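Residue strings, one per chain:
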Amino acid sequence: MVAETIDGKAFAARLRERVGEAAARFEEKAGRKAGLAVVLVGEDPASQVYVRSKGKATLAASMNSFEHRLEADTSQDDLLALVERLNADDAVDGILVQLPLPAHIDAQAVIAAIDPDKDVDGFHVTNAGRLAVGQAGFVPCTPMGCMMLLTDRLGDLSGLDAVVIGRSNIVGKPMAQLLLDANATVTIAHSRTRDLAAVVRRADIVVAAVGRAEMVKAEWLKPGATVIDVGINRLPPADGEEKGRLVGDVDYGPASQVASAITPVPGGVGPMTIAVLLRNTLVAAHRNAGLTAPEGI
Ligand SMILES: NC(=O)C1=CN([C@@H]2O[C@H](COP(=O)(O)OP(=O)(O)OC[C@H]3O[C@@H](n4cnc5c(N)ncnc54)[C@H](OP(=O)(O)O)[C@@H]3O)[C@@H](O)[C@H]2O)C=CC1
Ligand SMILES: Nc1nc(=O)c2c([nH]1)NC[C@@H]1CN(c3ccc(C(=O)N[C@@H](CCC(=O)O)C(=O)O)cc3)C=[N+]21
Ligand SMILES: [Mg+2]
């Protein structure tokens, strides 16, 4: 079998297009653009790439992008003060504080300071709680993007066996929650899981969110499985390369001979994350302006 490639980049481009059109209608009704504030602390080069591409996508979708780049030695108090200013700023509908933060800053305290109704990342405990009990709130962008790709590909997920590898608050746990809400039978695997290969072998759906390059092997997969690779790992540069290749958590080449569909890295989940972020920001903007958010975006 040769798997179909799930083209997250193209799917995300269509989603951004719809969000951009809805953002233009929002601007007409509200008399202002929707706005996303992105806060980056320190000089982590990978983070800077994300921030830049988020900024570009935001502008292209007819929204304002407010970028705040702070020195790596910024104090937690100064960062909290900035978050408070952004909470109070009516031009700011969504706030994203790029993670990871430097070690001297308590990331949980910073996330807790964000107004839950501007928390377009869906990381605040209020939004995590809303997701856990089935109330409307902001859902983390990466798992939401994965769900869109899965339902587009598979339709109804009812009764399917899904294995999520990884249990972080930003990817694995909310991913498992969304799959459960879609009536999949969900297993969450992690670093203490015994015989990961056997656990993965049961799965109709595999979501890998580990952060280990090409860890998930083709032999682990049930033939015909649908594989969503969240991992973004930079390999060490090979001879003649300036920087190493970007690879996922799944050993893509061999896995694509066993799976029926698989997301590539790059071009899979990553672009979906940004598109959902813009969608969440537009929903936040409607709420902040007292308007009803449009259906179907
Ligand atoms: N495409 C995108 O938009 C995004 C991509 N990412 C990428 O996704 C990956 C995961 O991110 P994130 O969730 O933040 O990472 P974390 O490091 O927070 O979590 C990794 C998880 O993987 C588990 N794990 C580690 N080693 C193993 C192993 N050998 N076997 C099984 N499980 C293991 C850990 O288990 P334990 O809990 O026991 O430690 C943990 O639960 C990274 O590559 C990241 O760059 C992240 C966000 C967005
Ligand atoms: N508060 C917060 N929210 C996040 O959502 C968040 C974060 N912090 N910290 C870092 C991770 C990672 N992340 C990515 C988003 C898009 C791509 C993406 O678009 N990747 C492209 C390739 C990019 C490239 O070539 O470098 C792709 O996979 O095709 C990747 C990774 C969001 N994260
Ligand atoms: Mg996210």
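No experiment lies behind these values; they were computed from the predicted model shown. (Residues numbered from 1 in each chain as written. Chains lettered and ligands numbered in written order. Predicted model: local features only at pLDDT ≥ 70, side-chain atom pairs only at ≥ 80, totals over all residues. Heavy atoms only, no water.)

## Let's talk about the pattern of salt bridges
- Applying the stated criterion across every chain yields a total of seven salt bridges.
- Between E67 and R69 there is a salt bridge whose closest N-O contact spans 3.0 Å.
- E67 gets classed as partly exposed once you look at its relative accessible area, which sits at 35%.
- Under the relative-accessibility criterion, R69 is labelled partly exposed at 43%.
- Between R130 and D117 there is a salt bridge whose closest N-O contact spans 3.6 Å. You can see R130 sitting in helix α5 (residues 125-133) and its partner D117 sitting in the loop between α4 (107-113) and α5, a full 13 residues away along the chain.
- Assessed through its relative accessible area of 18%, R130 is described here as buried. (Salt bridge = Lys/Arg side-chain N within 4 Å of Asp/Glu carboxyl O. Buried < 20%, exposed > 50% of the residue type's maximum accessible area, 1.4 Å probe, protein only. Helix = DSSP H or I, 4+ residues; strand = E, 2+ residues; numbered from the N terminus.)

## Points about unusual backbone geometry
- Geometrically, the link from L99 to P100 is a cis peptide bond, its omega value of 0 degrees lying close to zero.
- Considering the arrangement of structural elements, one finds P100 in the loop between β4 (94-97) and α4.
- A cis amide bond, omega -5 degrees, links V265 with the succeeding residue P266.
- Phi angles above zero are rare outside glycine, and N183 is one such case at about 70 degrees.
- As for its placement among the helices and strands, N183 is situated in the loop between α7 (172-181) and β6 (185-189).

## Focus: empty space enclosed by the protein
- Counted under the stated rule, the structure contains one cavity of 30 Å³ or more.
- Here the largest cavity is characterised by a volume of approximately 40 Å³.
- Every residue lining the largest cavity is listed: I95, L96, V97, I111, I114, D119, D121 and F123.
- Residue contributions to the lining of the largest cavity peak at three residues, all from β4.
- Among the residues forming the lining of the largest cavity, the class breakdown is six nonpolar, no polar and two charged. (1 Å grid on protein atoms, 1.4 Å probe; cavity = no way out; pocket = protein on both sides within 12 Å on 5 of 7 lines; lining within 4 Å. Points joined across faces, edges and corners; volume = space filled by probe spheres on them. Nonpolar A, V, L, I, M, F, W, Y, C, P; charged D, E, K, R; others polar.)

## Structural notes on a positive patch on the surface
- Together, R52, K56, R234 and K243 make up a positively charged patch on the protein surface.
- Checked against the element boundaries, R52 lands in helix α2 (residues 45-60).
- For R52, a relative accessible area of 48% translates into the label partly exposed. (Patch = residues over 30% accessible without salt bridge, like charges linked within 9 Å, V, L, I, M, F, W, Y side chains within 5 Å. Areas by Shrake-Rupley, 256 points an atom, 1.4 Å probe, with all protein chains shown as cover. Lys, Arg positive; Asp, Glu negative; His and termini not counted. Charge placed at Lys NZ, Arg CZ, Asp CG, Glu CD.)

## Re the site of ligand 1
- As a matter of local geometry, ligand 1 sits amid 22 residues, with R167, S168, S191, R212 and T273 nearest to it.
- T142 is positioned with one of its side-chain polar atoms (N or O) 3.4 Å from an oxygen atom of ligand 1.
- Here a nitrogen atom of ligand 1 sits 3.5 Å away from a polar atom, N or O, in the main chain of H190.
- When ligand 1 sits alone it has 930 Å² of accessible area, and the protein chains cover 70% of it.
- A total of three residues in the shell around ligand 1 trace back to one element, the largest contributor, which is helix α10 (residues 269-288).
- Taken together, the residues of the shell around ligand 1 break down into 10 nonpolar, 10 polar and two charged. (Near = heavy atom within 4 Å. Polar contact = N/O pair within 3.5 Å; in protein donor to acceptor, adjacent residues only side chain to side chain.)

## What to know about the UniProt feature "binding site: NADP(+)" (unreviewed entry) in the chain
- The feature "binding site: NADP(+)" (unreviewed entry), as given by UniProt, occupies G166, R167, S168 and I232 in the numbering adopted here. The annotated residues named above include S168 and I232 as those lining the largest pocket.
- Tracing the backbone through its elements, the reader meets S168 in the loop between β5 (161-165) and α7.
- For S168, a relative accessible area of 34% corresponds to the partly exposed category.
- Setting aside residues no more than four positions away along its own chain, S168 makes contact with K173 and P174.
- Inspection of the secondary structure assignment puts I232 in the loop between β8 (226-229) and β9 (233-234). (UniProt positions renumbered as here; feature names shortened; annotations may be inferred. Contact = heavy atoms within 4.5 Å.)

## Digging into the nonpolar core
- Of all hydrophobic cores here, the largest spans 55 residues; its most connected members are L179, I228 and L282.
- Secondary-structure elements contributing two or more residues to this core are α1 (8-30), β2 (35-41), α2, α6 (141-154), β5, α7, β7 (205-208) and α10.
- Per element, the largest residue contribution to this core is 10 residues, and it comes from α10.
- Domain assignment of the residues forming this core places at least three in each of domain 1 (30-116) and domain 2 (141-270).
- Filtering out sequence-adjacent residues up to four positions away, L282 remains in contact with V19, A22, A23, F26, A34, M63 and I297.
- Membership of the second largest hydrophobic core comes to 20 residues, among which are A3, V163, I165 and A259. (Core = buried A, V, L, I, M, F, W, Y, C linked by side-chain atoms within 4.5 Å. Domains from an automatic or database assignment.)

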